[in-house]
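# Secondary and tertiary structure notes
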Amino acid sequence: MPARFATIGVAGAGAWGTALANAAARAGRSVVLWGRDPQAIQAMRRSRANEAHLPGVELAAAVAPTADLADLGDCDAVLLVVPAQASREVAGALTHHLREGTPLVTCAKGIERGTELFMTQVLAQACPHAVPAILSGPSFAADVAAGLPTAVTLAARDAGLAEALAAALGSSSFRLYHSDDVRGVEIGGAAKNVLAIAAGIVGGRRLGASAGAALVARGFAELMRFGKAFGARAETLTGLSGLGDLILTCSTPQSRNYSLGLSLGRGEGLHPSGQLAEGALTAGVLVAMAGERGIDMPIAAAVEAVLAGRSDIEQAIGSLLARPQKAEA
């Protein structure tokens, strides 16, 4: 195992950050887990658990919680596990601490609003001396933290770096495939969140399993069109970080995005649980970027219109069903 990846930093002590910290420890790494709330970090040190975000899961012995971002400076690689729209802020703060050439792996699934930049592009601007990479795929924090079998993709421009990072983080229960198609992995994770809201709306409206299956299939066609327009490879979009993540996220209320759609479909409004659904923040920029390139994404556009208050659920469903018949493509 590469010695330079002996110590892994995790920036973000929410459910997913804690789960990835445990996964890295299970792979034999020493882990520094940073969170911005000193009181929460103190509680984690005492209880060896993150009861606020991941109740019932014990923190691995090799995980050292800290509230000092500078403690990530000596890590051989850092996983950035904060929401997409907060990534620039935290990456910018990290630039004062990371060594030149340290891999900085975003684990967020979104596109930055205002700039229309993908996550590794944000990292390259905010922390220019680090090496950006991305980890994404069909995974729930509770499953990964508990050591249940999970497979994801880690991508970097340098295929050798992606392979080395995947080897350093992988274990018998957490399998990482490596890729150099960074854009494909980014797009799969961002687009599927928006489509999962649509799947949740179908579930909340009780439109049936047939409608749900059609939604996922046609949604995936939209994801493919968007990805190809931005240079993503087809095998990436049909792999874990694209189709695999779409299937997972569109299938269960355990997904925050599906859960949000479920609430909308039931007429309960936005964010009933107060949890962040990345797709709600990505929908506008995804649809805008599609429009700029002439990419047909009617399902994503319908979700964006509902979230923006320009359409209600019945109008959105009606507009989709009223689209002209066409050959499947």
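The structure displayed is predicted, hence computed values, not measured ones. (Residues numbered from 1 in each chain as written. Predicted model: local features only at pLDDT ≥ 70, side-chain atom pairs only at ≥ 80, totals over all residues. Heavy atoms only, no water.)

## Section: the overall build of the chain
The helix and strand tally for the chain stands at 14 helices and ten strands. The C-alpha atoms of the chain give a radius of gyration of 19 Å, which matches the 20 Å a tight globule of 329 residues would have. Structurally, the chain occupies a C-alpha span of about 60 × 40 × 35 Å along its principal axes. Residue burial in the chain is summarised as follows: out of 329 residues, 54% are buried. (Helix = DSSP H or I, 4+ residues; strand = E, 2+ residues; numbered from the N terminus. Rg over C-alpha atoms; globule rule 2.2 N^0.38 Å. Buried < 20%, exposed > 50% of the residue type's maximum accessible area, 1.4 Å probe, protein only.)

## Describing helix H1 (residues 15-26)
If you check H1, its first and last C-alpha atoms are 17 Å apart, about what twelve residues at 1.5 Å a residue would give, namely 16 Å. With eleven of its twelve residues buried, H1 lies for the most part within the structure. Those residues of H1 lying buried are Ala 15, Trp 16, Gly 17, Thr 18, Ala 19, Leu 20, Ala 21, Asn 22, Ala 23, Ala 24 and Ala 25. Backbone geometry just after H1 places Gly 28 at a positive phi near 95°. (Expected span 1.5 Å × (residues − 1).)

## Digging into the domain arrangement of the chain
Entries for the chain in the domain assignment read domain 1 (7-180) and domain 2 (190-322). Once you take the C-alpha centre of each, domain 1 and domain 2 turn out to be 26 Å apart. Contacts between the two partners involve 23 residues from domain 1 and, on the opposite side, 24 residues from domain 2. For the domain 1 face of the interface with domain 2, the top three residues by lost area are Lys 109, Glu 116 and Phe 140, together amounting to 34%. Across the contact surface, domain 1 and domain 2 share two salt bridges. Across the pair Lys 109 and Asp 245 runs a salt bridge whose closest N-O atoms are separated by 2.7 Å. Applying the counting criterion to the domain 1 and domain 2 interface returns four residue pairs in polar contact (both at pLDDT 80 or more). Sorting the residues of the side of domain 1 that touches domain 2 by element identifies strand E6 (111-112), helix H5 (141-145), strand E9 (150-156) and strand E10 (174-179) as the ones contributing at least two each. Sort the elements by how many residues they give to the side of domain 1 that touches domain 2 and E9 lands first, with three residues. The residue inventory of the side of domain 1 that touches domain 2, partitioned by class, reads ten nonpolar, seven polar and six charged. (Domains from an automatic or database assignment. Contact = heavy atoms within 4.5 Å. Buried area = accessible area lost by both parts, 1.4 Å probe. Salt bridge = Lys/Arg side-chain N within 4 Å of Asp/Glu carboxyl O. Polar contact = N/O pair within 3.5 Å; in protein donor to acceptor, adjacent residues only side chain to side chain. Nonpolar A, V, L, I, M, F, W, Y, C, P; charged D, E, K, R; others polar.)

## Some points on unusual backbone geometry
The phi dihedral of Arg 48 is positive, around 55°, even though this residue is not glycine. Its place among the elements puts Arg 48 in the loop between helix H2 (38-47) and strand E3 (63-66). The exposure class assigned to Arg 48 is partly exposed, which follows from its relative accessible area of 24%. Despite not being glycine, Glu 116 shows a phi value in the positive range, around 60°. For Glu 116, the position within the fold is in the loop between E6 and strand E7 (117-118). Of the residues examined, Glu 116 reaches a relative accessible area of 26% and is grouped as partly exposed.

## Here we look at the side chain of Glu 222
Mapped onto the elements of the fold, Glu 222 is located in helix H8 (residues 209-229). No salt bridge forms around the buried Glu 222; measuring N to O, its nearest opposite-charge neighbour Arg 225 is 4.7 Å away. Contacts of Glu 222, omitting those with residues within four sequence positions, involve Leu 195, Asp 296, Met 297, Pro 298, Ile 299 and Ala 300. (Lys, Arg positive; Asp, Glu negative; His and termini not counted.)

## Topic: the packing of aromatic side chains
This structure, assessed with the given rule, holds two aromatic pairs. Ring geometry for Phe 118 against Phe 230: centres 5.7 Å apart, planes inclined by 80°, an arrangement best described as edge-to-face. Placement of the pair is Phe 118 in strand E7 and Phe 230 in the loop between H8 and helix H9 (234-237), with a sequence separation of 112 residues. For the pair shown, Phe 118 and Phe 230 are each scored as buried. An aromatic cluster is built from Phe 118, Phe 226 and Phe 230, whose rings are joined through pairwise contacts. The side chain of Arg 293 reaches across the aromatic face of Phe 230, ending 4.1 Å from its centre. (Phe/Tyr/Trp six-rings, centres within 6.5 Å; stacked < 30°, edge-to-face > 60°. Lys NZ or Arg CZ within 6 Å of the ring centre and 35° of its normal.)

## A few points about the pattern of salt bridges
The tally for this structure, following the rule as stated, stands at ten salt bridges. Of the charged contacts in the structure, one is a salt bridge between Arg 233 and Glu 235, with a shortest N-O distance of 3.2 Å. For Arg 233, a relative accessible area of 33% corresponds to the partly exposed category. The network of salt bridges with common partners includes Lys 109, Lys 192 and Asp 245.

## Points about the UniProt feature "active site" (unreviewed entry) in the chain
Following the UniProt record, one finds the feature "active site" (unreviewed entry) at Lys 192. Looking at the secondary structure, you find Lys 192 in helix H7 (residues 182-204). Residues within four places of Lys 192 in sequence aside, it is in contact with Lys 109, Leu 223, Asp 245, Leu 246 and Thr 249. (UniProt positions renumbered as here; feature names shortened; annotations may be inferred.)

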